[in-house]
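Descriptive structure summary
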Amino acid sequence: MAAKTKKPTFYITTPIYYASGALHIGHCYTTVACDAIARFKRMDGFDVYYLTGTDEHGQKVQQAAEQKGMTPQAFVDGLAERIQKLWQRMDISNDGFIRTTDKAHEKAIADIFTKLYEKGDIYKSEYSGKYCAPCESFWTSSQLVDGKCPDCGREVQDTKEECYFFRLSKYADRVRKLLTETDFLQPDSRVREMVNNFIDKGLTDLAVTRTSFDWGIKVPFDPKHVIYVWIDALPNYITALGYGADGEKYKKYWPCDLHVMAKEIVRFHAIVWPAILMALDLPLPKRVYGHGWIMFGGDKMSKSKGNVVDPFILTDRYGVDALRYYLLSSMPFGDDSNYTSELLLSAINNDLVNDLGNLVRRTLAMSKQYFDGEVVKPQADERDAEYKSAIDALAEKVRADMDKPELNKALEKIFDVIGRSNKYIDANKPWELKKTGDTVRLNAVIYNLLEGIRVCANMLLPFLTKYPTRIFDGLGIAEPNDFKAAKYGAVKQFKTTEIEPILNRLDIKKELAELEAIANQAEEKEQTKAEEQELISIDDFFKSELRVVDIEACEKVEKAKKLLKLTVFDGERRRTIVSGIAMAYAPEELVGKKAALVANLKPAKLCGIVSEGMLLCSVGEDGIPRLVMPTGKAGDKIC
Ligand code: ME8
């Protein structure tokens, strides 16, 4: 017996998205595009591994969690679940989902860090730059706006911080060659951006740890340092396959065939990631593709209007196929393009309802009416040669576009055959053949149309997840798993039935008004929520138990620049309090002073210390909290 030939592998990835807020259709764009490529490759005979996931560490995530009054872990757990629900909704066929808080990932990152350190490619030094205390952010001089923090506009201070660096400069020549002498990075415009903006300017070593926050993977041999986002995030593409843990998947699927992301993070994928892999002596990915951005109409788009582009709302109203089709068809893959509701609604009406929907509806209706759904393969006829060859050529053309990948062009080719099919109906006028009783020709015309529809539905399977399946039901044949039958004449006989359309023609004006109403409702809801959050009742206020306390001892918290650890006496007992007041006081200044304590707060852990309450502060224009110092004696009530 001949040995079964092993399928070639194909490994494709999206970026791992920050678990700091809800995802929008921009994230759907990358994920749906990779899904279409993954589905195409599976049908084309490849053993595919499609990976997506979430980037869950770092200061931004920690801050977002704090704002919600949650622990970072509970916060990212909720978001990771919501993100996976979104991918289920979008019919994403990912094989793996990595979270950077997965224990296996955390261990692998700590090992990678140690390995690079032992090799000398990570070293400890000092980072000097500008520091914005309220934002806890470091900036280089060139990042400042008018000499001030680009995020909050406040004064920055010169600062030095001990941190670890990755020796990116050592790999500059090899990375340059990779970008300029191979097809590693696409499209070409991205290569020019990388070379002009980064490589030609000289690659400097990259700071890869921070000590200003602690939500992240600690440097195993120096745990006051937290491994900073990129060195934690980029290796997800190998840790997800079990790299470093004897992963079978790693052996099978690495090197990656295609990393896809938008242009703003191409620098990390096309420069930093290959350099890390070079330092680890691992094979490089075969291709990195940096697509363009979906723009939301520039400044005019208000935050609340962002709700209109909430993928859950759009798919509730129009279905998954409509959103998938819009994302994949209307954006040239490498370029930026604008999202508007009008464009989405016209794509639905023009392409899915008019062109495809009408073709399927008319053809199945005629098949039923003229032949009770039974249509057989006819003799070849010269008159149909052009239409048949368009059907025959389709799979190859789509394959060529998918390889680039130019997904919108692939869809264009399919819709070109759909357009030709509609024209073929108009040119052959089946209703006249019926009238003149030319049943042989009538059968041939309907058969050819059914074949056109079948091959188009076959080629649409990677892009749309609902409509093609329904079309195969209508055609009375099993949905294919591959493209082997995507040729004219593969079916000898049809037994068709009529099907419900998946989408009906939309009244664009009405839909726009309704989408606007949804946006306004969302805006009102947000506002009411904010107002409700702002106004509290007197009963709410009296829930807080405020007391005068004596500060008996105070010291710095080693890992946190902003925190002080205080021992206070509340009239009954001593408590430990961690407070963010270190920017305003030296510890010794506070001993003997009085403060106002919120005494009935649930204890919270800050930098590993349990804080049993909170001290009231005033925050001035400089953003620095200073203690409210009451009079009275320890234990007095404040109201
Ligand atoms: O950058 N148009 O995560 P992120 C097109 N965690 N694509 C868009 C888009 C838009 N308007 N908005 C988002 C991160 N995307 C890091 C990645 S990878 C090792 C770490 C997509 O949540 C696009 O793929 O900010 C973009 O690159 C990505 O979401 C950024 O996601």
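Here the structure is a predicted model, which is why all the values come from computation and not from measurement.

**Structural notes on the confidence of the model for the protein**
Residues shown with low pLDDT carry predicted positions that ought not to be read at fine detail. Across the protein, the average pLDDT comes to 91, with 95% of residues at 70 or higher. The low-confidence segment residues 299-305 (pLDDT under 50) makes six contacts with residues lying over four places distant or belonging to another chain.

**Let's talk about the pairing of strand β1 (residues 9-18)**
Of all ten residues making up β1, eight are buried, and the element is well covered by its neighbours. Across eight bridges, the pairing between β1 and strand β2 (residues 47-55) is parallel. Counterpart to I12 in the pairing with β2 is Y50. Handedness of the β1-helix α1 (residues 25-43)-β2 crossover: right-handed. Summarising the sheet, β1 and strand β11 (residues 258-262) pair through two bridges and their orientation is parallel. Of the residues in β11, the one forming a bridge with T13 is H259.

**Comments concerning the packing of helix α5 (residues 172-181) against helix α10 (residues 266-279)**
Between α5 and α10, whose axes approach to 10 Å, the crossing angle comes to 120°. As summarised for this structure, α5 and α10 are arranged oblique, according to the angle between their axes. Relative to α10, α5 is oriented so that their crossing is right-handed. For the pair α5 and α10, the contacting residues are R174, V175, L178 and L179 in the first and A270, I271, P274, A275 and M278 in the second. Tallied by class, the residues present in the contact of α5 with α10 amount to eight nonpolar, no polar and one charged.

**Regarding the nonpolar core**
Ranked by size, the top nonpolar core spans 96 residues in total, and within it I12, I414 and M459 carry the most contacts. A per-element tally of this core places helix α13 (residues 341-371) first, with 13 residues. If sequence neighbours within four positions are ignored, I12 has contacts with C34, I37, A38, V48, Y49, Y50, L51, L258 and V260. Core analysis: the second largest hydrophobic core is formed by 61 residues, Y49, A110, F113 and F268 among them.

**Focus: the site of the ligand**
Looking at the ligand, there are 24 residues lining it, with I16, T30, D55, E264 and I294 nearest. In this structure, Y18 approaches the ligand through a main-chain N or O atom, which is 2.9 Å from an oxygen atom. Coverage of the ligand by the protein amounts to 91% of the 680 Å² it exposes when considered alone. For the shell around the ligand, the secondary structure elements donating two or more residues are β1, α1, α7 (229-233), α8 (236-239) and β11. Considered class by class, the residues forming the shell around the ligand number 14 nonpolar, eight polar and two charged.

Rules used in this analysis
- Residues numbered from 1 in each chain as written.
- Predicted model: local features only at pLDDT ≥ 70, side-chain atom pairs only at ≥ 80, totals over all residues.
- Heavy atoms only, no water.
- pLDDT = per-residue confidence, 0-100.
- Contact = heavy atoms within 4.5 Å.
- Buried < 20%, exposed > 50% of the residue type's maximum accessible area, 1.4 Å probe, protein only.
- Helix = DSSP H or I, 4+ residues; strand = E, 2+ residues; numbered from the N terminus.
- Pairing = 2+ DSSP bridges.
- Right-handed = clockwise from strand over helix to strand, strands pointing away.
- Axes fitted to C-alpha atoms, helices over the stretch in contact; angles between N-to-C directions.
- Parallel < 35°, antiparallel > 145°, perpendicular 65-115°, else oblique.
- Left-handed = near helix turned anticlockwise from the far one by under 90°.
- Nonpolar A, V, L, I, M, F, W, Y, C, P; charged D, E, K, R; others polar.
- Core = buried A, V, L, I, M, F, W, Y, C linked by side-chain atoms within 4.5 Å.
- Near = heavy atom within 4 Å.
- Polar contact = N/O pair within 3.5 Å; in protein donor to acceptor, adjacent residues only side chain to side chain.
- Areas by Shrake-Rupley, 256 points an atom, 1.4 Å probe, with all protein chains shown as cover.

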